[in-house]
Amino acid sequence: MGIRIGYAAGAFDLFHVGHLNLLRHAKSECDFLIAGVVSDELLQKNKGRTPVIPLIERLEIVQSVQFVDRAVAETEPTKLDMWKQLGFNVFFKGDDWKGTPQGLALEETFGRVGVEVVYFPYTVHTSSTFLRRTLELLNAPAVHEAAR
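Analysis parameters
Residues numbered from 1 in each chain as written. Predicted model: local features only at pLDDT ≥ 70, side-chain atom pairs only at ≥ 80, totals over all residues. Heavy atoms only, no water. Phe/Tyr/Trp six-rings, centres within 6.5 Å; stacked < 30°, edge-to-face > 60°. Helix = DSSP H or I, 4+ residues; strand = E, 2+ residues; numbered from the N terminus. Buried < 20%, exposed > 50% of the residue type's maximum accessible area, 1.4 Å probe, protein only. Axes fitted to C-alpha atoms, helices over the stretch in contact; angles between N-to-C directions. Parallel < 35°, antiparallel > 145°, perpendicular 65-115°, else oblique. Left-handed = near helix turned anticlockwise from the far one by under 90°. Contact = heavy atoms within 4.5 Å. Nonpolar A, V, L, I, M, F, W, Y, C, P; charged D, E, K, R; others polar. Salt bridge = Lys/Arg side-chain N within 4 Å of Asp/Glu carboxyl O. Core = buried A, V, L, I, M, F, W, Y, C linked by side-chain atoms within 4.5 Å. Pairing = 2+ DSSP bridges. Polar contact = N/O pair within 3.5 Å; in protein donor to acceptor, adjacent residues only side chain to side chain.

(A) Molecular detail of the packing of aromatic side chains. All chains considered together, the criterion is met by seven aromatic pairs. Considering the side-chain rings of Y7 and F88, the 4.6 Å spacing of their centres and the 10° angle between planes classify their relative orientation as stacked. Separated by 81 residues along the polypeptide, Y7 in strand β1 (residues 5–10) and F88 in the loop between α4 (79–86) and β4 (90–94) bring together distant segments of the chain. Grouping residues by exposure puts Y7 and F88 together as buried. Residue F88 is classed as buried on the basis of its relative accessible area, which comes to 1%.

Following this line, the structure appears as structure tokens:
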């Protein structure tokens, strides 16, 4: 079959065990793992928020993970554009996408170019969104007043 080049993309903002689990699982399914770290601009455009940790630092963190062979900035607007640039043949995604319209469209698009889509369990007990909300609550004025 040849070498399996995997691609796992994410914001990897507020790096947590869910991110580590995704990268660990992805590496176990391929020979060479590329981690795409979504750029600040794409996060702002697609999710409407600026990451807490800037791209250059997120790239350094992700590249330092032992399961990652190469970390790249994801600056292209679509995963297919990233495929054209990197040539991976396996794409990893959290299973929260499985069966959704976006997931089905991704599978169809990648199926046309011979890229396998592999889903992994989403780590439900932690997420960057949960961590961000917790930080916002800790910094809210009411919390500071109650502590006095």
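(B) Structural view of the side chain of S39. Within the secondary structure, S39 is located in the loop between β2 (32–38) and α2 (40–47). Note on S39: relative accessible area 2%, which makes it buried.

(C) Inspection of the packing of α4 against helix α5 (residues 101–112) at higher detail. Here α4 crosses α5 at 30°, and the two axes come no closer than 10 Å. One finds that α4 runs roughly parallel with respect to α5. Along this stretch, α4 crosses α5, giving a crossing that reads as right-handed. Contacts from K79, L80 and W83 of α4 reach α5 at L106, T109 and F110. Among the residues making up the contact of α4 with α5, the classes are represented as four nonpolar, one polar and one charged.

(D) Region of interest: the environment of V72. Position of V72 among the secondary structure elements: in strand β3 (residues 70–74). In the structure, V72 is positioned 35 residues away from V37 in sequence and 6.1 Å away in space, judged by C-alpha atoms. Not counting residues up to four positions away in its chain, the partners in contact with V72 are Y7, I34, A35, G36, V37, L59, M82 and L86.

(E) Structural detail: the pattern of salt bridges. Within this structure, the stated rule accounts for five salt bridges. The salt bridge partner of R58 is D40, with a shortest N-O separation of 2.5 Å. Placement of the pair is R58 in helix α3 (residues 55–63) and D40 in helix α2, with a sequence separation of 18 residues. Judged by relative accessible area, D40 falls into the partly exposed class, the value being 23%. Note that R112 is salt-bridged to E108, the shortest N-O span being 3.1 Å.

(F) Structural detail: the nonpolar core. Core analysis: the biggest nonpolar cluster contains 20 residues, and A8, L23, L33, V62, V68 and F92 have the highest contact counts within it. Elements supplying a minimum of two residues to this core: α1 (17–28), β2, α3, β4 and β5 (116–120). Setting aside residues no more than four positions away along its own chain, F92 makes contact with G6, Y7, A8, A9, A26, E29, C30, L33, V118 and F120. One finds Y7, A9, V72 and F110 within the second-largest nonpolar core, a separate group that totals 13 residues.

(G) Here's a closer look at the pairing of β5. Of all five residues making up β5, four are buried, and the element is well covered by its neighbours. With five bridges joining them, β4 and β5 adopt parallel strand pairing. Looking at β5, one finds that K93 is bridged to Y119.

(H) Up close: the environment of R58. R58 gets classed as buried once you look at its relative accessible area, which sits at 0%. Distance from R58 to V38, taken between C-alpha atoms, is 9.2 Å for residues 20 residues apart in sequence. What R58 contacts, discounting residues up to four positions off in sequence, is A11, F12, D13, V37, V38, S39, D40, L43, P51 and I53. Within polar-contact distance, the side chain of R58 engages the side chain of D40 at 2.5 Å.

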